[in-house]
Amino acid sequence: MSGVAPTTPPELLGSRNSRLLGRLRPSGVLTAVLSTAVVFGVIGYIIVNAPGWPRVQQSFFSPSVFADSLPDILAVLPLNLELFFIAELLILVLALVLAVMRSLPGPVFFPFRLMSVVYVDVFRGVPSILVIFLLGYGVPGLGLKGVTNDAFVWGLVALVLVWSAYVAEVFRAGIEGVHPSQEAAARSLGLSRFQSLRFVVLPQAVRRVIPPLLNDFIGLQKDTSLISFIGVVEVFSQTRIDAGGSFNFTPYLVCGLVFLVMTIPVARFVDWLVGRDRKRQLATIAR
Amino acid sequence: MRHSRLVSLLALGLVAVACAAPAATTAPSVAPTPVATHAAATPTALAATPAPATPTAAASASISYPPATASAVPSAIASAVATGSPAVTAPPRPDACAMTSLVLKNPGRLTLSTDNPAYPPWWGGDPKTQYPNQPSGGVKWKLSNPYSQMGYEGATAYAIATTLGFTPDQVDWLQNTNFEQAFAPGEKKFDFHMAQISITPERATAVDFSDPYFDSEQSLVVLQGTPIASATSIADLKQYKLGAASNTTSYDLIKNAIQPTTAPAVYPDNDTAVTALQNGQIDGLVADLGSAIYMRDVQLTGAAIVGQFAPTVQIDHVGAVLDLGSPLTPCVDWAIQTLKANGTLQQFFVQWLNSGQDIPLLQ
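The structure displayed is predicted, hence computed values, not measured ones.

Draft legend 1. The arrangement of the overall build of chain A in detail. Within chain A one finds 11 helices and zero strands. The N-to-C order of helical and strand elements in chain A reads α-α-α-α-α-α-α-α-α-α-α. Relative to its length of 287 residues, chain A is extended, with a C-alpha radius of gyration of 24 Å against a globular reference of 19 Å. Each principal axis of the C-alpha atoms in chain A carries an extent, and together these give about 75 × 70 × 30 Å.

Okay, structure coming up:
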């Protein structure tokens with residue numbers, strides 16, 4: 001039997017456990033709809049009747065600029081996606097290494113624990129943009145032979161370094177959240193420390209931290225835009241180019257929508273994964 | 001986008017400025033020697049155009065621009081006078097532009113705006129000096145000081161102010177740190193904004209532009225001794241990795257005229273673009289000629305200007321930005337036309353932007 005309290009996958013509508021709607025009767029639904037209409041209606045009325053609305057509408061919601069900038073932004077989107085996928089794989093590996101290093105017990109492993117702690121403190125504490133600048137301009141500035149000057153590569157390295165610190169802490173929380181009796185039982189069955197980690201602790205730890213990992217995935221997807229500051233023309237960079245060229249803010253709206261379209265399916269996919277995993281766990285219990 | 005991005009952008013600005021300052025070999029308060037003779041200008045009935053404030057001894061830099069000689073005007077550089085010539089008489093002052101009828105943000109004073117940092121040769125002067133017309137306290141300007149009335153745009157701004165009837169101490173300067181501020185909807189805090197902004201029809205739907213006060217050519221800055229330094233035409237440039245600063249028409253030139261095979265790089269501002277060129281991350285940097293000369297002489301080591309792009313390739317008309325539908329626009333237009341007609345803009349061009357060098361044409 002698993003000692004883990006299963007996490008409830010969020011279901012927006014209909015479930016008895018859902019807090020969004022609670023237990024609704026038909027009259028409750030009607031009240032909810034009316035109330036929503038009134039609240040958003042009032043907000044919309046205030047916005048549309050503000051004196052500056054026509055200018056803001058032209059500046060932020062211009063259909064012609066939207067149509068012009070959408071193809072430009074979509075054309076460079078593959079750069080962000082490429083950066084995201086490569087970075088994510090490297091981050092998961094490095095973060096797991098850091099988290100495991102942090103959990104090694106005993107005085108002989110003190111240097112590893114120390115390295116992990118210092119790494120996480122430094123790279124969580126420093127703004128990511130500074131690391132990107134240091135690596136994106138500083139390392140090519142050194143002029144080392146054999147080392148690439150490519151901004152994409154150094155942006156990737158910077159993002160991996162910074163995000164591994166965050167994700168390592170998430171993994172660490174998962175590992176420490178697995179009840180110690182699990183490892184004790186594994187050791188008493190004759191598994192070595194490494195084997196108990198690999199076969200008993202980590203599978204449980206990773207499963208329970210998937211929702212917070214998703215948080216970090218989405219944060220990373222948006223942070224890929226930081227490489228625009230070291231010269232790579234990707235989504236955010238192209239957005240600023242279009243906005244500056246037309247003196248219009250609608251490209252920022254396009255950029256926001258593009259990011260939403262990128263992140264929301266990922267969120268629903270992970271929900272589905274977690275839900276499927278939970279069903280499997282419950283199925284074994286029921287038997 | 002996360003709020004930490006705003007803090008990161010602020011940090012970026014601080015870092016960029018902090019890195020730009022040590023990168024300049026000396027305090028960049030350039031003071032080109034004023035030209036003793038210039039094209040004869042018909043004297044006007046207006047108040048005398050203001051002379052640039054003489055910099056204090058402490059402010060003079062050891063690096064100065066090559067002294068402008070009245071005779072060696074490079075044939076390649078287009079005149080600053082886009083329309084009209086010294087022979088055209090100044091138009092009469094519109095009634096709505098009488099000093100008492102001007103609609104100003106701060107009545108009785110002219111509120112102007114420019115970027116901070118403000119780059120030479122468009123601006124000049126020493127940020128640490130307190131000029132006589134400068135109020136104490138307030139914004140810390142970087143690289144140059146608009147109150148010094150130096151630099152092509154600085155001198156032009158004060159010339160417009162004087163033409164409208166203001167004295168130099170009636171001019172206030174606001175700093176613009178973010179390009180987007182210039183065209184954000186809503187009422188602007190300035191009367192007009194000058195920051196080498198090119199006039200395009202698309203942009204003119206969001207803001208009012210004044211008449212152009214300068215026609216700017218783009219040029220290519222490279223490091224000496226690199227293969228790109230021997231390029232002589234636009235076709236030679238296709239194979240290289242080029243870069244430009246964001247929100248400049250330099251990027252448009254790369255995309256439309258050069259169309260290189262490698263995707264160009266776009267940097268948040270001139271400072272980061274210059275760093276990238278020095279690092280060798282880009283082969284060539286496209287920037288307007290005035291800024292390119294400053295980059296080559298002050299910000300970079302071992303740099304050269306390969307050439308300037310012919311006006312037929314791209315020419316940018318630079319104008320001031322005002323509120324959309326601002327009543328001040330015709331008055332600023334009138335002032336600029338007056339300055340063109342009496343040769344003041346040409347004089348400023350010769351003084352601040354004419355490098356006296358022959359820069360080859362790229363086409």
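Draft legend 2. Quick look at the overall build of chain B. When its secondary structure is counted, chain B shows seven helices and 12 strands. Considering chain B as a whole, with its 363 residues, one finds that 50% of them fall into the buried category. Long-range pairs, those at least 24 residues apart, make up 80% of the contacts in chain B with a sequence separation of at least 6.

Draft legend 3. Quick look at helix H9 (residues 210–223) of chain A. Residues and elements named next belong to chain A. With 14 residues, H9 extends 20 Å from end C-alpha to end C-alpha; this agrees with the ideal 20 Å at 1.5 Å per step. Listed in full, the buried residues belonging to H9 are Leu-213, Asp-216, Phe-217, Leu-220 and Asp-223. Along H9, the residues classed as buried sweep out an arc of 125 degrees about the axis, all on the same side.

Draft legend 4. Looking closely at the pairing of strand S7 (residues 242–245) of chain B. All names here are of chain B. Burial along S7 is two-sided: Leu-242 and Ala-244 facing one way and Gly-243 and Ala-245 facing the other are all buried. The pairing of S7 with strand S9 (residues 284–288) spans two bridges and is parallel. Counterpart to Leu-242 in the pairing with S9 is Gly-284. Relative to strand S8 (residues 265–267), S7 is paired through three bridges, and the arrangement is parallel. Bridged to Ala-245 within S8 is Tyr-267. Handedness of the S7-helix H3 (residues 249–258)-S8 crossover: right-handed.

Draft legend 5. Spotlight on the sheet that holds S8 of chain B. Residue and element names in this part refer to chain B. One open sheet holds the six strands; their spatial order is S8-S7-S9-S6-S10-S12, and the pairing between them is mixed. Every interior strand has two partners, whereas the edge strands, S8 and strand S12 (361–362), have only one. Against the sheet, helix H4 (residues 270–279) touches strand S6 (218–223), S7, S8 and S9, its axis set at about 160 degrees to S7.

Draft legend 6. Expanded view of the confidence of the model for chain A. Confidence in the prediction for chain A averages 87 pLDDT; 91% of positions are at 70 or higher. With pLDDT under 50 throughout, residues 11–18 of chain A is counted as low confidence; its partners more than four residues away or in other chains account for six contacts.

Draft legend 7. A look at the nonpolar core. Grouped together as the largest cluster of nonpolar side chains are 133 residues, with contacts concentrated most on Ile-132, Val-167 and Phe-171 of chain A together with Phe-192, Val-221, Leu-277 and Val-332 of chain B. Per-element tally for this core: the top contributor is helix H6 (residues 151–177) of chain A, with 16 residues. Apart from the residues within four sequence positions on either side, Ile-132 of chain A is in contact with Gly-155, Ala-158, Leu-226, Ile-227, Phe-229 and Ile-230 of chain A. Core analysis: the next-biggest nonpolar cluster, separate from the first, contains six residues, Ile-73, Val-254, Cys-255 and Phe-259 of chain A among them.

Draft legend 8. Structural context of the environment of Ile-336 of chain B. Within the secondary structure layout, Ile-336 of chain B lies in helix H6 (residues 329–341). Ignoring anything within four residues of it in the chain, the contact list for Ile-336 of chain B reads Ile-160, Ser-210, Asp-211 and Tyr-213 of chain B.

Draft legend 9. Seen up close, the interface of chain A and chain B. Contacts between the two partners involve 27 residues from chain A, matched on the other side by 31 residues from chain B. Contributions of two or more residues to the side of chain A that touches chain B are made by helix H2 (53–60), helix H5 (128–142) and helix H10 (235–246) of chain A. Looking at the side of chain A that touches chain B, the element that brings in the most residues is H5 of chain A, giving seven residues. Looking at the side of chain A that touches chain B, its residues break down into 14 nonpolar, 10 polar and three charged.

Draft legend 10. Fine view of the domain arrangement of chain A. Split by domain assignment, chain A resolves into domain 1 (1–50) and domain 2 (63–286). The centre of domain 1 of chain A, based on its C-alpha atoms, is set 31 Å off from the matching centre of domain 2 of chain A.

Draft legend 11. How the structure looks around the domain arrangement of chain B. All names here are of chain B. Partitioning chain B into structural domains gives domain 1 (25–215 + 318–362) and domain 2 (218–309). At the junction of the two partners, domain 1 supplies 17 residues and domain 2 supplies 19 residues. Those elements that provide at least two residues to the side of domain 1 that touches domain 2 are strand S3 (192–198) and S12.

Draft legend 12. Just the packing of helix H2 (residues 152–164) of chain B against helix H7 (residues 344–353) of chain B, in detail. Residues and elements named next belong to chain B. Between H2 and H7, the least distance of the axes is 9 Å, while the angle of their chain directions is 155 degrees. Looking at the two axes, H2 sits roughly antiparallel to H7. Both H2 and H7 take part in a crossing whose hand is right-handed. Along its contact with H2, which presents Tyr-152, Ala-155, Thr-156 and Ala-159, the element H7 presents Thr-344, Leu-345, Phe-348, Phe-349, Trp-352 and Leu-353.

Draft legend 13. The arrangement of the packing of helix H4 (residues 110–125) of chain A against H6 of chain A in detail. Residue and element names in this part refer to chain A. Between H4 and H6, the shortest axis-to-axis distance is 8 Å and the interhelical angle comes to 120 degrees. Judged by the inter-axis angle, H4 sits oblique to H6. Every pair of crossing elements has a handedness; the one defined by H4 and H6 is left-handed. Facing Tyr-119, Val-120, Phe-123 and Arg-124 of H4, the residues of H6 in contact are Leu-161, Val-162, Ala-165, Tyr-166, Ala-168 and Glu-169. Its residues assigned to classes, the contact of H4 with H6 comprises eight nonpolar, no polar and two charged.

Rules used throughout
Residues numbered from 1 in each chain as written. Chains lettered and ligands numbered in written order. Predicted model: local features only at pLDDT ≥ 70, side-chain atom pairs only at ≥ 80, totals over all residues. Helix = DSSP H or I, 4+ residues; strand = E, 2+ residues; numbered from the N terminus. Rg over C-alpha atoms; globule rule 2.2 N^0.38 Å. Buried ≥ 20, exposed ≤ 12 C-beta atoms within 10 Å, placed from the backbone. Contact = placed C-beta atoms within 7 Å. Expected span 1.5 Å × (residues − 1). Arc of directions from axis to C-beta. Pairing = 2+ DSSP bridges. Right-handed = clockwise from strand over helix to strand, strands pointing away. Axes fitted to C-alpha atoms, helices over the stretch in contact; angles between N-to-C directions. pLDDT = per-residue confidence, 0-100. Core = buried A, V, L, I, M, F, W, Y, C linked by C-beta atoms within 7 Å. Nonpolar A, V, L, I, M, F, W, Y, C, P; charged D, E, K, R; others polar. Domains from an automatic or database assignment. Parallel < 35°, antiparallel > 145°, perpendicular 65-115°, else oblique. Left-handed = near helix turned anticlockwise from the far one by under 90°.

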